[in-house]
Amino acid sequence: MINRRTFSKAVGLGTGAAAVSLSGLQTSASAAAASHEPGGAPVPTVPLTPRTHTEFRTIKQVKAGLLDIGYAEAGPAHGPVVICLHGWPYDIHSFVDVAPLLADLGYRVIVPYLRGHGSTRFLSRHTPRSAEQSAIALDIIALMDALKIDKAVLAGFDWGSRTADIISALWPERVKALVSTSGYLITNIKTQLEPALPAVEHNWWYQWYFATERGKKAMENVDERIALCRYVWTLVSPNWNFDDATFERTAEAFKNPDYAAIVLYNYRWRIGLIDGERRYDRYEKQLAAQPSIHVPTITLDAALDPFTPAGDGSVYRTHFTGPYEHRTIANVGHNLPQEAPSTFAQTVVDVDHF
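Throughout, a residue's number is its position along its own chain's written sequence, starting from 1. Per-residue local features are limited, in this predicted model, to residues with pLDDT of at least 70; the limit for side-chain atom pairs, both in listing and counting, is 80 or more; totals at the level of whole chains, interfaces and linings are taken over all residues. Heavy atoms from the whole structure form the basis of all side-chain values; hydrogens and water molecules are not counted.

Asker: Give me the lowdown on the overall build of the chain, citing residues and values where you can.
Answerer: Comment: elements are numbered from the N terminus, with helices defined as DSSP H or I runs of at least four residues and strands as E runs of at least two. Helix and strand counts for the chain come out as 14 helices and ten strands. Throughout, exposure labels follow a simple rule: accessible area from a 1.4 Å probe, protein chains only, divided by the maximum for the residue type, with under 20% read as buried, over 50% as exposed, and the rest as partly exposed. Within the chain, the fraction of its 354 residues that count as buried is 59%. Contacts are assigned to residue pairs that have any heavy atoms within 4.5 Å of one another. The contacts of the chain with a sequence gap of at least 6 include a subset with a gap of at least 24, amounting to 81%. Only the protein chains shown count as cover for residues, with accessible areas throughout obtained via the Shrake-Rupley method and a probe of 1.4 Å. Working note: accessible area of the chain is about 14000 Å², and carbon and sulfur atoms make up 53% of it.

Asker: Go over helix α9 (residues 222-236), please, and point to the residues and values.
Answerer: Between the first and last residue of a helix there are one fewer steps than residues, each counted as 1.5 Å, and that sum is the expected span. The terminal C-alpha atoms of α9, which comprises 15 residues, lie 21 Å apart, in line with the 21 Å expected from a rise of 1.5 Å per residue. Turning to α9, its buried residues number three or more, namely Arg225, Ile226, Leu228, Cys229, Val232, Trp233 and Val236. Down the axis of α9, the smallest arc covering the buried residues is 160°, so these residues share one side. In this fold, the buried residues of α9 make contact with α7 (205-210), α8 (213-220), α10 (244-251) and α11 (259-270). Polar contact is the term for a pair of N or O atoms within 3.5 Å; when the atoms are in protein, one must be able to donate a hydrogen and the other to accept it, and sequence-neighboring residues count only if both atoms are side-chain atoms. The backbone nitrogen of Asp223 lies 3.1 Å from a side-chain oxygen of the residue at the head of α9, namely Asn221. Directions from the helix axis toward the C-beta atoms define the arc.

Asker: Give a detailed account of the packing of helix α3 (residues 133-146) against helix α12 (residues 281-288), specifying residues and quantitative values.
Answerer: Relative orientation and spacing of two packed helices are given, respectively, by the angle between their axes and the distance between those axes. The axes are straight lines fitted to the C-alpha atoms, using for helices just the contacting stretch, and the angles between their N-to-C directions are given from 0 to 180°. Between α3 and α12, the least distance of the axes is 9 Å, while the angle of their chain directions is 110°. Here α3 lies roughly perpendicular to α12, going by the angle between them. Of the residues in α12, those in contact with Gln133, Ser134 and Leu138 of α3 are Tyr283, Glu284 and Leu287. Put simply, Ala, Val, Leu, Ile, Met, Phe, Trp, Tyr, Cys and Pro go in the nonpolar bin, Asp, Glu, Lys and Arg in the charged bin, and everything else, Gly too, in the polar bin. The residue inventory of the contact of α3 with α12, partitioned by class, reads three nonpolar, two polar and one charged. Oblique is the label for every angle not falling under 35 degrees (roughly parallel), over 145 degrees (roughly antiparallel), or within 65 to 115 degrees (roughly perpendicular).

Asker: Tell me about the side chain of His86, and please be specific about residues and values.
Answerer: Mapped onto the elements of the fold, His86 is located in the loop between β4 (81-85) and α2 (98-103). For His86, a relative accessible area of 0% corresponds to the buried category. Of note is the side chain of His86, whose polar atom sits 3.4 Å from the backbone oxygen of Tyr90. Among the polar contacts made by the side chain of His86, one reaches the main-chain amide nitrogen of Leu114 at a distance of 3.1 Å. Contacts of His86, omitting those with residues within four sequence positions, involve Asp91, Ile92, Phe95, Pro112, Tyr113, Leu114, His117, Phe157, Trp159 and Gly160.

Asker: Residues and numbers for unusual backbone geometry, please.
Answerer: Note that the residue after Trp88, namely Pro89, is joined by a cis bond; omega there is 0°. Inspection of the secondary structure assignment puts Pro89 in the loop between β4 and α2. With a phi close to 75°, Ser182 is a non-glycine residue in the positive phi region. Relative to the assigned elements, Ser182 resides in the loop between β8 (175-181) and α5 (189-192). For Ser182, a relative accessible area of 5% translates into the label buried. With a phi close to 65°, Asn331 is a non-glycine residue in the positive phi region. Secondary-structure assignment places Asn331 in the loop between β10 (324-330) and α13 (336-339).

Asker: Requested: an account of the nonpolar core, with residues and values cited.
Answerer: As a rule of thumb, soluble globular proteins bury nonpolar side chains together. Core analysis: the largest hydrophobic core is formed by 108 residues, its most contacted members being Ile83, Trp88, Leu102, Phe210 and Phe344. Residues in contact with Ile83, not counting those within four places in the same chain, are Ile110, Pro112, Ile140, Met144, Ala152, Val153, Leu154 and Ala155. By nonpolar core is meant a set of buried Ala, Val, Leu, Ile, Met, Phe, Trp, Tyr and Cys residues that side-chain atoms within 4.5 Å join together.

Asker: Give me α10: which residues, what numbers.
Answerer: Residue pairs three or four apart in sequence face the same way in an α-helix, which turns once every 3.6 residues. Among all positions of α10, only Thr246, Phe247, Thr250 and Ala251 are buried. Along the long axis of α10, the arc covered by the buried residues comes to 130°, so they all point the same way. Residues of α10 that are buried in the fold lie against α9 and α13.

If you want it as structure tokens, here you go:
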């Protein structure tokens, strides 16, 4: 999930005048700040639709970098590309309603399973099951190369936001525009080693749990990990009344044989308990400097997400130096694209027309 240091610094900030409050229960188009392109053409409007989709029609596989990546695809093969990136503990179904909305507007939508999730597999049993932030970003670069995608709009939340932020910062030539839920999430390990405010530490209980042998055993037991993930859903999306079938569709992705190793590695690495692989050192050195993001960006904050303090995005505003807008989405929790798909899809369309 998101960067506890970013949250810690923002605790106590009031709501800024620049924040845009959008309801996840209403169409975001009604509150979108930019209704026309610079040349005057209207920006397409995403229709307000109920959450009706349950599955992607097919899951494709492609060998890319270290992985055989599973991904869903929707829309015309030659349409402008949007890559939607999920977080933890979620999977591609976070975008099961977003993808068809964008596809209907002519976008080619790619939704990959991150390493350790769903049908994504390592090509070699000898590859370390590591999960530092740059490794996951490089997976997506490899996916773009394998699919011959030169440039795409990147849109994500949680691990997906971090991944999209990293690609936008280090490989901006591959990014047309960015939607980053929860703002700037590039991890600085040195900063992570410092204590946070008590309320922040409390929210990160599962991170400390994963640092223990007890937490490791829970994650390595499929039934226990699934129960833990479901509990996290209820905590971070308090206004989302998902049913058993909705959770179970996503929970299938948690049965990946590398799931526990990837999740444990990511959270333990993030707080400095383990070292990353040498092959990623040069990228992590660049990321430790907290590089700016110059591509057109809209940041989203979900008002009911316990990891998102009330505010206007000002705590991370300086990291975004290109065309930029911040929106706060009312009545929505951490899994923003699945809870408010029309709002999320409209944001993608809007940033694509900056």
